[in-house]
Number of protein chains: 2
Amino acid sequence: MEQRNDSGAATMKDVADAAGVSTATVSRTLMNPEKVSSQTRQKVEQAVLDVGYFPHNLSRNFKRNESKTILVIVPDISDPFFSEVICGIENVAAQEGYLILIGDCKHQQKQEHAFINLIITKQIDGMVLLGSNIPFDASTEEQKNLPPMVMANEFTPELKLPTVHIDNLTSSFNATHYLQKLGHRRIACITGPEDMPLCKYRLEGYKKAMLRTGDKVREDYIIRSDFSHEGGAKATKRLLTMPEPPTAIFCHNDMMALGAMWQAKRMGLKLPSALSVVGFDNLKLSQYSDPPLTTIGQPRFEIGSQAMKLLLDQLQGHNINVGSCLLDADLIIRESAQAPKS
Amino acid sequence: MEQRNDSGAATMKDVADAAGVSTATVSRTLMNPEKVSSQTRQKVEQAVLDVGYFPHNLSRNFKRNESKTILVIVPDISDPFFSEVICGIENVAAQEGYLILIGDCKHQQKQEHAFINLIITKQIDGMVLLGSNIPFDASTEEQKNLPPMVMANEFTPELKLPTVHIDNLTSSFNATHYLQKLGHRRIACITGPEDMPLCKYRLEGYKKAMLRTGDKVREDYIIRSDFSHEGGAKATKRLLTMPEPPTAIFCHNDMMALGAMWQAKRMGLKLPSALSVVGFDNLKLSQYSDPPLTTIGQPRFEIGSQAMKLLLDQLQGHNINVGSCLLDADLIIRESAQAPKS
DNA sequence: TTGTACGCGTTATCAC
DNA sequence: GTGATAACGCGTACAA
């Protein structure tokens, strides 16, 4: 009933007084109820309710020297792809009492002293990297002891981090092969930034499929862009104004695929009859494009939740030598790809 | 050079020893450098570098009984509208050393013990509400002392919170009036959930404009939907199959406007000649719709940054009696609205 | 089984 | 201008 503290919150001392026991007993009751007689346990539990006690996490974390907070580094928070991944992370984190901090690194390679400070000052216990690199300089000596990390979505073998990802090469192969089965030969490809490893794999998958047919890979059909709507549109303009334009374009994410279709329609082409487009990601939006986009479906929520599980394994010291986790991604066939006219 | 601690991090004691002063002096040097002689200041600063000291924020926050963390409650993290608002919040927060925690309440009214616990356990210093309500039961006595809060984007007079918002009524009036000036009389309106106050204002603005013409407001032209693409599409289908369908639709957010255009095209209508559509929000996507969407542009980043500034005023006790902050929103004219054919 | 006593790293309040 | 010292709330050896 009483709250002694001037700050308004009941402390463990208040509970102890109310229950007529010591704070040690209160602490034990809350941490290891089995180490306390059922009598005192009941007394304490009643006292907790009476004084309205809640553990003061600030001091608990301080005492344990852990923050119960995870930093999620995301390349671009406004990219709808990541929001569902974040939900997956958050979901698992919450179950274990972890909070997540979202660090938007805005596709920058380095952000000096922005995130590293959180680590140095002990404000985070671990990190989930949604991009392909650690966005700060981790080379100096005193910064060596980085917290546990996992990588999700992206893939960087050199960093030797536990990783959750899909098989980008195979998925990309499947998408390209699907276009081939429809009868396409002149299949172009719009990929993303060179410094994103997953682009490398998606490109390889594309090339592997193209080589299967016995043809050579036409380098002029491979355009490097930036994963944006605008970038996809620009690249498409270039492709469609070539002397021998492609009959199909495989874009390495949905946003560029939407940009590609937008541009093609702008140039007066009828879709999908005059041009087939396939994307990658399966954004919610993509089912509502005109025509609905055929794309690779990524299990975004699961990518996030699996990543957090791997991180928890490290934090709680269960299975330290967990490797990577490979998730399935299926081709989702809609209407944006059809057999070519000619 | 030395790090005494077993955890690997240098503490203030280490600095004090290295500099030959007391921890009190070290603390003062870092907090109030002017209260220390320049001699000792230099000694201390050198020692800080030597031992590689960084403040241990966990204990600092514990000592000060503040978390330097803000909870941002967002109705739906995957809604692209909010990501830029969050960036605005984050930007200002970071300047003052605050972290932000993102709480996705998934449009639920109440989430028992999900967020309230963060408050009770002193893990947040303040809140920014991006929805129209406090998503937990704050009625019980011990939960009365809620931390400082501000509301952004939405507007709930009863809660008497400092609020950052645009003039939804006027903006909505302007959008409707614009359609009228183009020559439209049969203007329908697709609005959002009844429990969102901003819908009320947008609806009033629409009605005010409609009444201006001397006509009565046709209630069958007002459809209540859910701010989603799908919802906008469904509502549009209903409108367009009416005996006397509207020649223009004003949607109370962009996502529904995109859904409306999608549906209209599906039904074989040519846009914008057969149907004009105006949205509300100016999402990045909206400029790439076909036709590009005419809409109300909300200053999302500024909504966020202003909200955080109001919150800081409360946290730092500057101007406690700050009221609301009204930001401008302009009509962005693109191509989705034109004069009606007939 | 329970209580005493101490420490976590920092800051605030005193003296000097 | 500076240095002891006492908190902050919790968890846990250790003693009883």
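Everything quoted here is computed from the prediction, not taken from an experiment. (Residues numbered from 1 in each chain as written. Chains lettered and ligands numbered in written order. Predicted model: local features only at pLDDT ≥ 70, side-chain atom pairs only at ≥ 80, totals over all residues. Heavy atoms only, no water.)

### Let's talk about the protein's contact with DNA strand D
What surrounds DNA strand D is a group of 26 residues, the closest being M12(A), Y53(A), R60(A), T25(B) and T40(B). Counting only atoms of DNA strand D within 4 Å of the protein, the fraction found in sugar and phosphate groups is 56%. H56(A) is positioned with one of its backbone polar atoms (N or O) 3.2 Å from a phosphate oxygen of DNA strand D. Contact between DNA strand D and T40(B): a phosphate oxygen at 3.0 Å from a side-chain N or O atom of the residue. At five residues, the largest contribution of residues to the surface near DNA strand D is made by helix 4 (residues 57-64) of chain A. Considering only residue class, the surface near DNA strand D consists of ten nonpolar, ten polar and six charged. (Near = heavy atom within 4 Å. Polar contact = N/O pair within 3.5 Å; in protein donor to acceptor, adjacent residues only side chain to side chain. Helix = DSSP H or I, 4+ residues; strand = E, 2+ residues; numbered from the N terminus. Nonpolar A, V, L, I, M, F, W, Y, C, P; charged D, E, K, R; others polar.)

### So, the protein's contact with DNA strand C
Taken together, 24 residues lie near DNA strand C, and T25(A), T40(A), K63(A), M12(B) and Y53(B) sit nearest. The protein-proximal atoms of DNA strand C, defined as those within 4 Å of the protein, are 59% sugar or phosphate. One nitrogen or oxygen atom from the side chain of T25(A) is found 2.4 Å from a phosphate oxygen belonging to DNA strand C. With respect to DNA strand C, the side chain of R28(A) contributes an N or O atom lying 2.8 Å from a base nitrogen.

### Description of the packing of aromatic side chains
Taken as a whole, this structure holds nine aromatic pairs over all chains when the rule is applied. When the centroid spacing of 5.3 Å and the interplanar angle of 90 degrees are considered together, the rings of F81(A) and F82(A) count as edge-to-face. The burial state of F81(A) is the same as that of F82(A); both residues are buried. Both rings, one in F155(B) and one in Y201(B), keep their centres 5.5 Å apart while their planes meet at 75 degrees; by these two values the pair is edge-to-face. With a gap of 46 residues between them, F155(B) in the loop between strand 4 (149-152) and strand 5 (163-166) and Y201(B) in helix 8 (residues 197-212) connect regions that are remote in the sequence. Here F155(B) matches Y201(B) in class, with each residue buried. We note R202(A) situated over the ring of F280(A); from NZ or CZ to the ring centre the distance is 3.7 Å. For the cation-ring pair, K208(B) lies above F173(B), with the distance from its terminal atom to the ring centre recorded as 5.1 Å. (Phe/Tyr/Trp six-rings, centres within 6.5 Å; stacked < 30°, edge-to-face > 60°. Buried < 20%, exposed > 50% of the residue type's maximum accessible area, 1.4 Å probe, protein only. Lys NZ or Arg CZ within 6 Å of the ring centre and 35° of its normal.)

### As for the nonpolar core
Grouped together as the largest cluster of nonpolar side chains are 146 residues, with contacts concentrated most on V128(A), L130(A), Y206(A), V128(B), L130(B) and Y206(B). Those residues in contact with Y206(B), other than ones at most four positions away along the chain, are S172(B), F173(B), T176(B), I187(B), A188(B), C189(B), V217(B), Y221(B), I222(B) and F250(B). Residues F115(A), I119(A), I116(B) and L118(B) belong to the second largest nonpolar core, which totals 36 residues. (Core = buried A, V, L, I, M, F, W, Y, C linked by side-chain atoms within 4.5 Å. Contact = heavy atoms within 4.5 Å.)

### A word on the interface of chain B and chain A
Across the contact, 38 residues belong to chain B and 39 residues belong to chain A. Taken together, the two surfaces of chain B and chain A that pack against each other cover about 3,900 Å², and 67% of this comes from carbon and sulfur. Inspection of the region where chain B meets chain A yields six residue pairs in polar contact (both at pLDDT 80 or more). (Buried area = accessible area lost by both parts, 1.4 Å probe.)

### Describing the pairing of strand 8 (residues 248-251) of chain A
All names here are of chain A. Because side chains alternate across strand 8, one face comprises the buried residues A248 and F250, and the other comprises I249 and C251, equally buried. The pairing of strand 6 (residues 187-191) with strand 8 spans four bridges and is classified as parallel. Residue pairing for strand 8: I190 is matched across the bridge by C251. Alignment of strand 8 against strand 9 (residues 276-281), held across three bridges, turns out to be parallel. Within strand 9, the position partnered with I249 by the bridge is V277. Note on the crossover from strand 8 through helix 10 (residues 254-266) to strand 9: the handedness is right-handed. (Pairing = 2+ DSSP bridges. Right-handed = clockwise from strand over helix to strand, strands pointing away.)

### Some words on the pattern of salt bridges
Using the criterion set out here, one finds 14 salt bridges over all chains in the structure. Across the salt bridge formed by E244(A) and R218(A), the nearest N and O atoms sit 2.6 Å from each other. With E244(A) in the loop between helix 9 (229-240) and strand 8 and R218(A) in the loop between helix 8 (197-212) and strand 7 (222-224), this residue pair connects regions lying 26 residues apart in the sequence. Residue R218(A) is classed as partly exposed on the basis of its relative accessible area of 30%. A salt bridge links R300(B) to E84(B); its shortest N-O distance comes to 3.6 Å. Here E84(B) lies in helix 5 (residues 80-95) and R300(B) lies in helix 11 (residues 300-315), a separation of 216 residues in the sequence. Here R300(B) falls in the buried class, since its relative accessible area comes to 8%. (Salt bridge = Lys/Arg side-chain N within 4 Å of Asp/Glu carboxyl O.)

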